[in-house]
Amino acid sequence: MAGHHRLDDIHQRIEKSCANCDRSPSSVSLIAVSKTFDTDAIEPLLVAGHRVFGENRVQEAQTKWPALKERYHDIELHLIGPLQSNKTADAVALFDVIHTVDRPKIARSLVKEMERQQKPCRLLVQVNTGEEPQKAGIPPRETLSFVQSCKNEHGLAIEGLMAIPPFEENPGPHFALLRKLANECRVRHLSMGMSADFETAIEFGASMVRVGSALFGDR
Ligand SMILES: *Cc1c(COP(=O)(O)O)cnc(C)c1O
């Protein structure tokens, strides 16, 4: 299927999931995850009117998006991969939304860069719901205090939480945990659900789903 036909298909599946749980489709934002795909693969989606994209590496995004942002003006670019503090300046310059705030050092360097560049980014905190040692994110039990310290110590407004459940587990309990934590933290957005499980994530309240291979094909 060509990229824009896949886009129609994913929109229909989002609408159907929303209908199943009495949600409005406008409450779910589809982030098209274009990592590893080049401009030729991305452009059909832009031509079809899609504007919300996600990348997981700052350096890779820098090779594609500045040129595309010049040609299509209202692009909303999301960083969904780990952020190193030496990449914060580049991330703030290029991205509109950062999903992976997960430690005080990153919070501090984001404050500094957003101030210096006069460029506010929308921010989410990544939670390691499965407490996997190799995975980024704040542990569930530290989430509330971290979100509060972002606000009280750094003056950062956190808009939501993001998680990547363990690959081999049923994602439902992880989505439920993320929703519970977001309620405790009083943040609005839930970034959860990928190609294999975005419909389940919507039933658990996802407001942002991150879909890559179902839109662009296998990586
Ligand atoms: C790659 C990636 C996705 C998209 O994964 P698919 O299974 O291809 O839909 C979503 N979220 C994150 C953080 C990713 O790195």
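Asker: Would you explain the side chain of His154 in this entry?
Answerer: Relative to the helices and strands, His154 is located in the loop between helix H6 (143–152) and strand E6 (158–162). Those residues in contact with His154, other than ones at most four positions away along the chain, are Pro104, Ala107, Arg108, Val111 and Ser149.

Asker: Just to check I follow, could you spell out the state of the cysteines for this structure?
Answerer: Here a disulfide denotes one covalent bond, and it connects the sulfur atoms of two cysteines. Applying the stated criterion across every chain yields a total of 0 disulfides. Between Cys150, a free cysteine, and Cys185, which holds the nearest cysteine sulfur, the sulfur-to-sulfur gap is 9.9 Å. Cys150 gets classed as buried once you look at its relative accessible area, which sits at 0%.

Asker: Is there a simple way to explain unusual backbone geometry in this structure?
Answerer: Apart from glycine, the bulk of residues carry a negative phi angle, and the bulk of peptide bonds sit in the trans form. A positive phi angle, close to 50°, is found at Gln118, a residue other than glycine. Considering the arrangement of structural elements, one finds Gln118 in the loop between helix H5 (104–117) and strand E5 (122–126). Taking the relative accessible area as the measure of exposure, Gln118 reaches 62% and is therefore exposed.

Asker: Which parts of the structure should I look at to understand the site of the ligand?
Answerer: Around the ligand, the surrounding shell consists of Val33, Lys35, Ile80, Met162, Ile164, Met194, Ser195, Arg210, Val211, Gly212, Ser213 and Arg219. At 2.9 Å from a nitrogen atom of the ligand is found a side-chain nitrogen or oxygen belonging to Arg210. Notes on the ligand: free accessible area 390 Å², of which the protein chains cover 90%. Here the residues of the shell around the ligand sort into 6 nonpolar, 3 polar and 3 charged.

Calculation rules
- Residues numbered from 1 in each chain as written.
- Predicted model: local features only at pLDDT ≥ 70, side-chain atom pairs only at ≥ 80, totals over all residues.
- Heavy atoms only, no water.
- Helix = DSSP H or I, 4+ residues; strand = E, 2+ residues; numbered from the N terminus.
- Contact = heavy atoms within 4.5 Å.
- Disulfide = S-S within 2.5 Å.
- Buried < 20%, exposed > 50% of the residue type's maximum accessible area, 1.4 Å probe, protein only.
- Near = heavy atom within 4 Å.
- Polar contact = N/O pair within 3.5 Å; in protein donor to acceptor, adjacent residues only side chain to side chain.
- Areas by Shrake-Rupley, 256 points an atom, 1.4 Å probe, with all protein chains shown as cover.
- Nonpolar A, V, L, I, M, F, W, Y, C, P; charged D, E, K, R; others polar.

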